[in-house]
Amino acid sequence: MPMTRLLSALLAAGVVFAPMSVAIAQDSAPPAGTVEAAPAATAEGGQPAAENTEAVQPAEAAAGEQPAEAVASEKMPEEEHAESETPHYPIKKPDELSWSFAGPFGSWDIGQLQRGLKVYKEVCAACHSMNLVAMRNLEALGYSEDQVKAFAAEYLVQDGPNGDGDMFERPGIPSDRFPAPFPNPEAAAAANNGAVPPDLSLIAKARAAERGFPTFVFDIFTQYAESGPDYIHALLTGYEEAPAGLELQPGTYYNPYYLYGPALAMAEPISDGFVEYGDGAPETTDQYARDVSAFLMWAAEPHLAERKATGLIVMLFLVVFAALMFLIKRRVWAGTPH
Ligand code: HEC
(Lines give C-alpha, C1' and ligand atoms only; values in the text may rest on other atoms or scores of the structure.)
Protein backbone atom coordinates (compact mmCIF):
# COMPACT_ATOMS: atom_id res chain seq x y z
CA MET A 1 0.00 0.00 0.00
CA PRO A 2 2.63 2.66 0.90
CA MET A 3 4.53 1.55 -2.20
CA THR A 4 1.65 2.31 -4.58
CA ARG A 5 1.05 5.65 -2.81
CA LEU A 6 4.68 6.58 -3.25
CA LEU A 7 4.55 5.60 -6.91
CA SER A 8 1.44 7.61 -7.62
CA ALA A 9 2.90 10.63 -5.77
CA LEU A 10 6.02 10.38 -7.92
CA LEU A 11 3.88 10.09 -11.04
CA ALA A 12 1.85 13.16 -10.10
CA ALA A 13 5.03 15.11 -9.36
CA GLY A 14 6.38 14.08 -12.74
CA VAL A 15 3.25 15.23 -14.53
CA VAL A 16 3.44 18.61 -12.78
CA PHE A 17 7.17 19.24 -12.98
CA ALA A 18 8.12 17.84 -16.39
CA PRO A 19 6.38 20.60 -18.40
CA MET A 20 7.71 23.17 -15.89
CA SER A 21 11.30 22.13 -16.39
CA VAL A 22 10.86 22.28 -20.16
CA ALA A 23 9.47 25.80 -19.82
CA ILE A 24 12.37 26.85 -17.56
CA ALA A 25 14.90 25.41 -19.98
CA GLN A 26 13.33 27.36 -22.83
CA ASP A 27 13.28 30.59 -20.81
CA SER A 28 16.90 30.36 -19.69
CA ALA A 29 18.27 29.77 -23.20
CA PRO A 30 19.70 33.18 -24.07
CA PRO A 31 18.46 34.82 -27.28
CA ALA A 32 20.79 34.26 -30.24
CA GLY A 33 21.76 37.93 -30.45
CA THR A 34 23.36 38.17 -26.97
CA VAL A 35 25.63 35.19 -27.52
CA GLU A 36 27.05 36.63 -30.72
CA ALA A 37 27.44 40.12 -29.31
CA ALA A 38 29.33 39.08 -26.16
CA PRO A 39 32.90 38.75 -27.52
CA ALA A 40 32.59 42.00 -29.47
CA ALA A 41 31.45 43.85 -26.37
CA THR A 42 34.45 42.70 -24.38
CA ALA A 43 36.71 43.75 -27.24
CA GLU A 44 35.21 47.24 -27.22
CA GLY A 45 35.55 47.58 -23.47
CA GLY A 46 39.24 46.92 -23.83
CA GLN A 47 39.18 44.54 -20.85
CA PRO A 48 38.77 41.14 -22.42
CA ALA A 49 38.01 38.27 -20.11
CA ALA A 50 40.96 35.97 -19.45
CA GLU A 51 39.81 33.14 -21.79
CA ASN A 52 39.22 35.50 -24.69
CA THR A 53 42.55 37.32 -24.49
CA GLU A 54 44.20 35.62 -27.44
CA ALA A 55 41.30 35.95 -29.81
CA VAL A 56 40.66 39.61 -29.07
CA GLN A 57 44.18 41.04 -28.82
CA PRO A 58 45.06 40.97 -32.56
CA ALA A 59 41.92 42.90 -33.38
CA GLU A 60 42.74 45.58 -30.81
CA ALA A 61 46.32 45.84 -32.07
CA ALA A 62 45.21 46.29 -35.69
CA ALA A 63 42.89 49.28 -35.27
CA GLY A 64 40.69 50.83 -32.61
CA GLU A 65 37.67 51.11 -34.93
CA GLN A 66 37.51 47.50 -35.97
CA PRO A 67 35.49 46.03 -33.11
CA ALA A 68 32.68 48.52 -33.74
CA GLU A 69 32.58 47.48 -37.37
CA ALA A 70 32.55 43.87 -36.32
CA VAL A 71 29.47 44.52 -34.17
CA ALA A 72 27.69 46.18 -37.09
CA SER A 73 28.47 43.41 -39.55
CA GLU A 74 27.41 40.80 -37.05
CA LYS A 75 24.03 42.41 -36.59
CA MET A 76 23.32 42.81 -40.30
CA PRO A 77 22.33 39.24 -41.13
CA GLU A 78 19.93 39.17 -38.17
CA GLU A 79 18.11 42.30 -39.27
CA GLU A 80 17.86 41.05 -42.82
CA HIS A 81 16.42 37.83 -41.47
CA ALA A 82 13.76 39.70 -39.50
CA GLU A 83 12.68 41.59 -42.61
CA SER A 84 12.56 38.63 -44.94
CA GLU A 85 10.72 36.43 -42.42
CA THR A 86 7.19 35.57 -43.61
CA PRO A 87 4.78 37.70 -41.60
CA HIS A 88 2.29 35.72 -39.58
CA TYR A 89 -1.23 35.71 -40.96
CA PRO A 90 -3.67 37.06 -40.16
CA ILE A 91 -1.78 40.27 -39.48
CA LYS A 92 -4.75 41.63 -37.53
CA LYS A 93 -6.86 39.64 -35.08
CA PRO A 94 -10.64 39.72 -35.59
CA ASP A 95 -12.63 41.74 -33.04
CA GLU A 96 -14.79 39.74 -30.67
CA LEU A 97 -18.34 40.78 -31.43
CA SER A 98 -21.35 40.06 -29.27
CA TRP A 99 -23.54 37.46 -30.95
CA SER A 100 -27.03 36.48 -29.86
CA PHE A 101 -26.04 32.81 -30.23
CA ALA A 102 -22.95 33.00 -28.00
CA GLY A 103 -22.74 31.44 -24.54
CA PRO A 104 -24.80 28.77 -22.79
CA PHE A 105 -28.07 30.77 -23.15
CA GLY A 106 -27.43 31.61 -26.81
CA SER A 107 -30.22 31.52 -29.37
CA TRP A 108 -30.77 32.84 -32.89
CA ASP A 109 -31.86 36.36 -33.69
CA ILE A 110 -34.37 35.36 -36.38
CA GLY A 111 -34.53 38.86 -37.88
CA GLN A 112 -30.76 38.88 -38.23
CA LEU A 113 -30.75 35.47 -39.93
CA GLN A 114 -33.40 36.65 -42.41
CA ARG A 115 -31.29 39.71 -43.24
CA GLY A 116 -28.21 37.51 -43.56
CA LEU A 117 -30.05 35.25 -45.99
CA LYS A 118 -30.90 38.34 -48.05
CA VAL A 119 -27.24 39.41 -48.14
CA TYR A 120 -26.15 35.90 -49.11
CA LYS A 121 -28.80 35.64 -51.82
CA GLU A 122 -28.21 39.08 -53.32
CA VAL A 123 -24.42 39.30 -53.01
CA CYS A 124 -22.43 36.20 -52.02
CA ALA A 125 -24.50 33.71 -54.05
CA ALA A 126 -23.15 35.25 -57.26
CA CYS A 127 -19.85 33.49 -56.53
CA HIS A 128 -20.29 31.15 -53.56
CA SER A 129 -22.31 27.95 -53.51
CA MET A 130 -24.01 26.60 -50.40
CA ASN A 131 -24.33 22.94 -51.34
CA LEU A 132 -25.41 21.56 -47.97
CA VAL A 133 -28.34 23.88 -47.29
CA ALA A 134 -31.75 22.98 -48.73
CA MET A 135 -34.53 25.52 -49.25
CA ARG A 136 -36.78 23.62 -46.83
CA ASN A 137 -34.23 24.34 -44.08
CA LEU A 138 -35.23 28.00 -44.38
CA GLU A 139 -38.41 27.26 -42.43
CA ALA A 140 -36.14 27.47 -39.40
CA LEU A 141 -35.68 31.17 -40.20
CA GLY A 142 -39.35 31.80 -39.49
CA TYR A 143 -40.70 31.40 -43.04
CA SER A 144 -43.92 29.52 -43.72
CA GLU A 145 -44.07 26.55 -46.07
CA ASP A 146 -45.65 28.68 -48.77
CA GLN A 147 -43.01 31.35 -48.44
CA VAL A 148 -40.29 28.71 -48.79
CA LYS A 149 -42.03 27.29 -51.88
CA ALA A 150 -42.19 30.75 -53.44
CA PHE A 151 -38.52 31.36 -52.51
CA ALA A 152 -37.42 28.08 -54.10
CA ALA A 153 -39.46 28.72 -57.25
CA GLU A 154 -37.36 31.85 -57.93
CA TYR A 155 -34.46 29.60 -58.86
CA LEU A 156 -34.03 27.52 -61.99
CA VAL A 157 -32.70 24.09 -61.11
CA GLN A 158 -31.20 21.55 -63.48
CA ASP A 159 -32.94 18.20 -63.28
CA GLY A 160 -33.04 15.06 -65.33
CA PRO A 161 -32.41 13.14 -67.37
CA ASN A 162 -35.94 12.96 -68.74
CA GLY A 163 -37.40 10.14 -70.88
CA ASP A 164 -35.32 11.26 -73.87
CA GLY A 165 -32.11 11.24 -71.85
CA ASP A 166 -31.86 15.03 -71.77
CA MET A 167 -31.21 17.25 -68.76
CA PHE A 168 -33.81 19.98 -68.32
CA GLU A 169 -34.40 23.00 -66.13
CA ARG A 170 -37.38 23.50 -63.86
CA PRO A 171 -38.33 25.93 -61.06
CA GLY A 172 -36.86 24.99 -57.67
CA ILE A 173 -38.83 23.13 -54.99
CA PRO A 174 -38.21 23.16 -51.20
CA SER A 175 -36.19 19.92 -51.28
CA ASP A 176 -33.62 21.48 -53.67
CA ARG A 177 -30.31 22.72 -52.34
CA PHE A 178 -29.20 26.26 -53.13
CA PRO A 179 -28.08 26.05 -56.78
CA ALA A 180 -24.36 26.64 -57.28
CA PRO A 181 -23.45 29.75 -59.30
CA PHE A 182 -20.93 27.87 -61.45
CA PRO A 183 -21.32 24.43 -63.08
CA ASN A 184 -17.89 23.22 -61.90
CA PRO A 185 -14.81 24.43 -59.98
CA GLU A 186 -12.92 25.13 -63.21
CA ALA A 187 -15.60 27.53 -64.39
CA ALA A 188 -15.61 29.16 -60.92
CA ALA A 189 -11.84 29.62 -61.00
CA ALA A 190 -11.89 30.97 -64.56
CA ALA A 191 -14.38 33.65 -63.50
CA ASN A 192 -12.45 34.64 -60.34
CA ASN A 193 -8.80 35.17 -61.28
CA GLY A 194 -7.99 31.50 -60.82
CA ALA A 195 -9.31 31.17 -57.25
CA VAL A 196 -12.35 29.01 -56.55
CA PRO A 197 -14.78 30.72 -54.15
CA PRO A 198 -15.21 28.16 -51.34
CA ASP A 199 -18.60 26.63 -50.58
CA LEU A 200 -20.11 28.61 -47.69
CA SER A 201 -22.22 25.84 -46.06
CA LEU A 202 -19.69 25.12 -43.32
CA ILE A 203 -17.34 28.08 -43.63
CA ALA A 204 -18.32 29.56 -40.24
CA LYS A 205 -17.05 26.37 -38.61
CA ALA A 206 -14.13 25.84 -40.97
CA ARG A 207 -12.42 29.19 -40.43
CA ALA A 208 -11.08 30.38 -37.12
CA ALA A 209 -8.17 32.71 -36.61
CA GLU A 210 -5.64 31.28 -34.15
CA ARG A 211 -6.03 33.03 -30.81
CA GLY A 212 -2.64 32.08 -29.38
CA PHE A 213 -1.55 31.43 -25.80
CA PRO A 214 -2.97 32.24 -23.26
CA THR A 215 -6.22 33.34 -24.93
CA PHE A 216 -7.10 29.85 -26.10
CA VAL A 217 -6.84 28.62 -22.49
CA PHE A 218 -9.26 31.33 -21.30
CA ASP A 219 -11.57 30.39 -24.20
CA ILE A 220 -12.10 26.99 -22.59
CA PHE A 221 -13.62 28.70 -19.56
CA THR A 222 -15.44 31.53 -21.32
CA GLN A 223 -16.87 29.01 -23.83
CA TYR A 224 -15.79 31.26 -26.71
CA ALA A 225 -16.82 29.51 -29.91
CA GLU A 226 -17.57 32.40 -32.24
CA SER A 227 -14.20 32.81 -33.91
CA GLY A 228 -15.73 31.70 -37.24
CA PRO A 229 -18.34 34.48 -37.52
CA ASP A 230 -15.90 36.96 -35.96
CA TYR A 231 -13.43 36.09 -38.70
CA ILE A 232 -15.95 36.38 -41.54
CA HIS A 233 -17.12 39.75 -40.23
CA ALA A 234 -13.53 40.98 -39.91
CA LEU A 235 -12.68 39.74 -43.41
CA LEU A 236 -15.68 41.43 -45.02
CA THR A 237 -15.13 44.76 -43.27
CA GLY A 238 -11.32 44.68 -43.16
CA TYR A 239 -10.26 45.59 -46.71
CA GLU A 240 -7.56 48.26 -46.72
CA GLU A 241 -5.14 50.03 -49.01
CA ALA A 242 -2.08 47.80 -49.35
CA PRO A 243 0.87 49.22 -47.42
CA ALA A 244 3.51 50.96 -49.56
CA GLY A 245 6.15 48.58 -50.86
CA LEU A 246 3.94 45.51 -50.82
CA GLU A 247 3.52 44.07 -54.29
CA LEU A 248 0.25 42.20 -54.73
CA GLN A 249 -0.47 39.50 -57.27
CA PRO A 250 -2.70 40.88 -60.04
CA GLY A 251 -6.37 40.27 -59.25
CA THR A 252 -5.89 40.08 -55.49
CA TYR A 253 -6.99 42.52 -52.81
CA TYR A 254 -5.15 43.40 -49.61
CA ASN A 255 -6.85 42.29 -46.40
CA PRO A 256 -4.90 42.06 -43.11
CA TYR A 257 -7.46 39.66 -41.61
CA TYR A 258 -7.09 37.02 -44.33
CA LEU A 259 -5.66 33.83 -42.82
CA TYR A 260 -3.54 32.63 -45.70
CA GLY A 261 -1.66 35.63 -47.06
CA PRO A 262 -1.67 39.41 -47.38
CA ALA A 263 -4.32 39.45 -50.12
CA LEU A 264 -7.13 37.29 -51.46
CA ALA A 265 -8.84 36.91 -54.82
CA MET A 266 -12.20 38.19 -53.49
CA ALA A 267 -12.72 41.91 -54.01
CA GLU A 268 -14.58 43.76 -51.21
CA PRO A 269 -18.03 42.24 -51.83
CA ILE A 270 -20.27 44.66 -49.89
CA SER A 271 -20.42 48.37 -49.24
CA ASP A 272 -22.87 50.71 -47.50
CA GLY A 273 -26.36 50.68 -48.99
CA PHE A 274 -25.69 47.62 -51.16
CA VAL A 275 -28.63 45.55 -49.92
CA GLU A 276 -32.03 46.94 -49.00
CA TYR A 277 -33.37 45.80 -45.62
CA GLY A 278 -37.07 46.15 -45.06
CA ASP A 279 -36.92 46.06 -41.27
CA GLY A 280 -35.16 49.30 -40.39
CA ALA A 281 -31.80 47.72 -39.58
CA PRO A 282 -28.88 49.97 -40.60
CA GLU A 283 -27.83 49.37 -44.21
CA THR A 284 -24.10 49.53 -43.53
CA THR A 285 -21.18 47.29 -44.43
CA ASP A 286 -20.73 46.45 -40.76
CA GLN A 287 -24.37 45.40 -40.33
CA TYR A 288 -24.37 43.36 -43.57
CA ALA A 289 -21.20 41.58 -42.43
CA ARG A 290 -22.68 40.82 -39.00
CA ASP A 291 -25.92 39.52 -40.47
CA VAL A 292 -24.35 37.35 -43.16
CA SER A 293 -21.84 35.95 -40.62
CA ALA A 294 -24.69 35.00 -38.27
CA PHE A 295 -26.55 33.45 -41.20
CA LEU A 296 -23.47 31.41 -42.16
CA MET A 297 -23.14 30.26 -38.54
CA TRP A 298 -26.75 29.07 -38.72
CA ALA A 299 -26.02 27.32 -42.04
CA ALA A 300 -23.00 25.56 -40.51
CA GLU A 301 -24.79 24.57 -37.30
CA PRO A 302 -28.56 24.84 -37.64
CA HIS A 303 -29.16 22.98 -34.37
CA LEU A 304 -26.93 25.23 -32.26
CA ALA A 305 -29.81 26.76 -30.28
CA GLU A 306 -31.41 23.37 -29.53
CA ARG A 307 -28.03 21.99 -28.55
CA LYS A 308 -27.51 24.79 -26.05
CA ALA A 309 -31.04 24.55 -24.63
CA THR A 310 -30.70 20.76 -24.20
CA GLY A 311 -27.26 21.20 -22.62
CA LEU A 312 -28.65 23.62 -20.09
CA ILE A 313 -31.44 21.22 -19.08
CA VAL A 314 -28.91 18.37 -18.80
CA MET A 315 -26.66 20.46 -16.54
CA LEU A 316 -29.61 21.49 -14.36
CA PHE A 317 -30.70 17.86 -14.10
CA LEU A 318 -27.18 16.80 -13.12
CA VAL A 319 -27.04 19.42 -10.36
CA VAL A 320 -30.39 18.30 -8.91
CA PHE A 321 -29.42 14.65 -9.35
CA ALA A 322 -26.09 15.18 -7.56
CA ALA A 323 -27.88 16.85 -4.62
CA LEU A 324 -30.35 13.96 -4.43
CA MET A 325 -27.57 11.37 -4.53
CA PHE A 326 -25.76 13.20 -1.72
CA LEU A 327 -28.85 13.16 0.48
CA ILE A 328 -29.47 9.47 -0.29
CA LYS A 329 -25.86 8.64 0.53
CA ARG A 330 -26.21 10.37 3.92
CA ARG A 331 -29.43 8.47 4.60
CA VAL A 332 -27.99 5.07 3.63
CA TRP A 333 -24.88 5.46 5.74
CA ALA A 334 -26.60 7.25 8.63
CA GLY A 335 -26.63 4.23 10.94
CA THR A 336 -23.09 3.04 10.15
CA PRO A 337 -20.50 4.07 12.74
CA HIS A 338 -17.24 5.37 11.25
C1 HEC B 1 -17.19 38.22 -57.17
C2 HEC B 1 -17.21 36.95 -56.51
C3 HEC B 1 -17.39 36.90 -55.01
C4 HEC B 1 -18.41 37.43 -54.24
C5 HEC B 1 -19.61 38.27 -54.69
C6 HEC B 1 -18.15 37.03 -52.88
N7 HEC B 1 -17.01 36.28 -52.83
FE8 HEC B 1 -16.18 35.44 -51.19
N9 HEC B 1 -14.66 34.70 -52.28
C10 HEC B 1 -14.51 34.83 -53.63
C11 HEC B 1 -13.29 34.19 -54.05
C12 HEC B 1 -12.76 34.12 -55.48
C13 HEC B 1 -12.71 33.66 -52.88
C14 HEC B 1 -11.39 32.88 -52.79
C15 HEC B 1 -10.29 33.85 -52.42
C16 HEC B 1 -8.92 33.24 -52.49
O17 HEC B 1 -8.81 32.02 -52.35
O18 HEC B 1 -7.97 34.02 -52.65
C19 HEC B 1 -13.60 33.99 -51.79
C20 HEC B 1 -13.37 33.63 -50.48
C21 HEC B 1 -14.27 33.84 -49.45
C22 HEC B 1 -14.11 33.36 -48.09
C23 HEC B 1 -12.99 32.49 -47.58
C24 HEC B 1 -11.85 33.26 -47.03
C25 HEC B 1 -10.85 32.30 -46.43
O26 HEC B 1 -10.49 32.46 -45.27
O27 HEC B 1 -10.45 31.35 -47.15
C28 HEC B 1 -15.21 33.76 -47.38
C29 HEC B 1 -15.50 33.49 -45.91
C30 HEC B 1 -16.03 34.50 -48.27
N31 HEC B 1 -15.44 34.56 -49.51
C32 HEC B 1 -17.24 35.06 -47.91
C33 HEC B 1 -18.03 35.81 -48.75
C34 HEC B 1 -19.28 36.40 -48.35
C35 HEC B 1 -19.89 36.28 -46.97
C36 HEC B 1 -19.74 37.05 -49.44
C37 HEC B 1 -21.02 37.87 -49.52
C38 HEC B 1 -21.12 39.00 -48.69
C39 HEC B 1 -18.81 36.85 -50.53
N40 HEC B 1 -17.78 36.08 -50.08
C41 HEC B 1 -18.97 37.35 -51.82
C42 HEC B 1 -15.38 35.48 -54.50
C43 HEC B 1 -16.51 36.17 -54.10
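Residues numbered from 1 in each chain as written. Predicted model: local features only at pLDDT ≥ 70, side-chain atom pairs only at ≥ 80, totals over all residues.

> Which residues make up the overall build of the protein chain, and what values do they have?
Looking only at helices and strands, the protein chain features 12 helices and 4 strands. In the protein chain, which comprises 338 residues, the share counted as buried stands at 19%. Taking the contacts inside the protein chain whose residues are at least 6 apart along the sequence as the reference set, 61% of them involve residues at least 24 apart. (Helix = DSSP H or I, 4+ residues; strand = E, 2+ residues; numbered from the N terminus. Buried ≥ 20, exposed ≤ 12 C-beta atoms within 10 Å, placed from the backbone. Contact = placed C-beta atoms within 7 Å.)

> Summarise the site of the ligand; cite the residues concerned and give the values.
With respect to spatial proximity, 22 residues lie near the ligand, and among them C124, C127, A265, M266 and P269 are the closest. Across the shell around the ligand, the residue classes break down as 19 nonpolar, 2 polar and 1 charged. (Near = placed C-beta within 6 Å. Nonpolar A, V, L, I, M, F, W, Y, C, P; charged D, E, K, R; others polar.)

> Lay out the environment of G142 in plain terms, naming residues and giving numbers.
With respect to the helices and strands, the residue G142 is situated in the loop between α5 (110–122) and α6 (145–153). For G142, a count of 12 C-beta atoms within 10 Å corresponds to the exposed category. Sequence-distant contacts of G142, that is, excluding residues within four places in its chain, are made with I110 and Q114.

> Which residues make up the packing of α5 against helix α11 (residues 285–300), and what values go with them?
Following both chains from N to C, one finds α5 and α11 inclined at 100°, their axes separated by 7 Å at the closest point. On the basis of the axis angle, α5 is roughly perpendicular to α11. Between α5, through Q112, L113, R115, G116, L117, V119 and Y120, and α11, the contact on the second element is made entirely by Y288, D291, V292, A294, F295 and W298. Taken together, the residues of the contact of α5 with α11 sort by class into 9 nonpolar, 2 polar and 2 charged. (Axes fitted to C-alpha atoms, helices over the stretch in contact; angles between N-to-C directions. Parallel < 35°, antiparallel > 145°, perpendicular 65-115°, else oblique.)

> Can you lay out the nonpolar core for me, pointing to particular residues and giving the numbers?
If you look at the biggest cluster of nonpolar residues, it comprises 32 residues, and the most contacted ones within it are V292, F295, L296 and A299. Mapped onto this core, the elements with two or more residues apiece are α5, α8 (203–206), α10 (227–237) and α11. When residues of this core are assigned to their parent elements, the largest contribution, 10 residues, is made by α11. Other than its neighbours up to four places away in sequence, V292 contacts G116, V119, Y120 and C124. (Core = buried A, V, L, I, M, F, W, Y, C linked by C-beta atoms within 7 Å.)

> For the packing of α10 against α11, give the residues involved together with the corresponding values.
At a closest axis distance of 9 Å, the pairing of α10 and α11 adopts a crossing angle of 145°. In this structure, the crossing between α10 and α11 has a hand that is right-handed. Contacts from G228, P229, I232, H233, L236 and T237 of α10 reach α11 at T285, D286, A289, R290, S293, A294, L296 and M297. Split into classes, the residues belonging to the contact of α10 with α11 amount to 7 nonpolar, 5 polar and 2 charged. (Left-handed = near helix turned anticlockwise from the far one by under 90°.)

> Quick rundown of helix α9 (residues 215–222)? Include the residues and the values.
Among the 8 residues of α9, 0 are classified as buried, and the element is accordingly described as predominantly exposed. A positive phi of about 60° marks Q223, the residue just after α9.

> Could you give me a rundown of the environment of V148, with the residues and numbers involved?
Examined against the element boundaries, V148 turns out to sit in helix α6. Taking the C-alpha atoms as reference, V148 lies 6.8 Å from L138; in sequence the two are 10 residues apart. Not counting chain neighbours up to four residues away, the residues in contact with V148 comprise M135, R136, L138, E139, Y143 and P174.

> Describe unusual backbone geometry, with residues and values.
Cis rather than trans, the peptide bond between G160 and P161 has omega equal to 0°. Residue N193 is not a glycine yet carries a positive backbone phi of 55°. Along the chain, N193 falls in the loop between α7 (185–191) and α8. We note that Q223 has phi near 60°; this positive angle belongs to a residue other than glycine. Looking at the secondary structure, you find Q223 in the loop between α9 and α10. Using a count of 12 C-beta atoms within 10 Å as the deciding quantity, one classes Q223 as exposed.

> Any chance you could break down the confidence of the model for the protein chain for me, citing the residues and the numbers?
Residues of the protein chain with pLDDT of at least 70 account for 75%, and the chain-wide mean is 82. Low pLDDT, under 50, characterises residues 21–81; the predicted model gives this stretch 26 contacts beyond four residues in sequence or across chains. (pLDDT = per-residue confidence, 0-100.)

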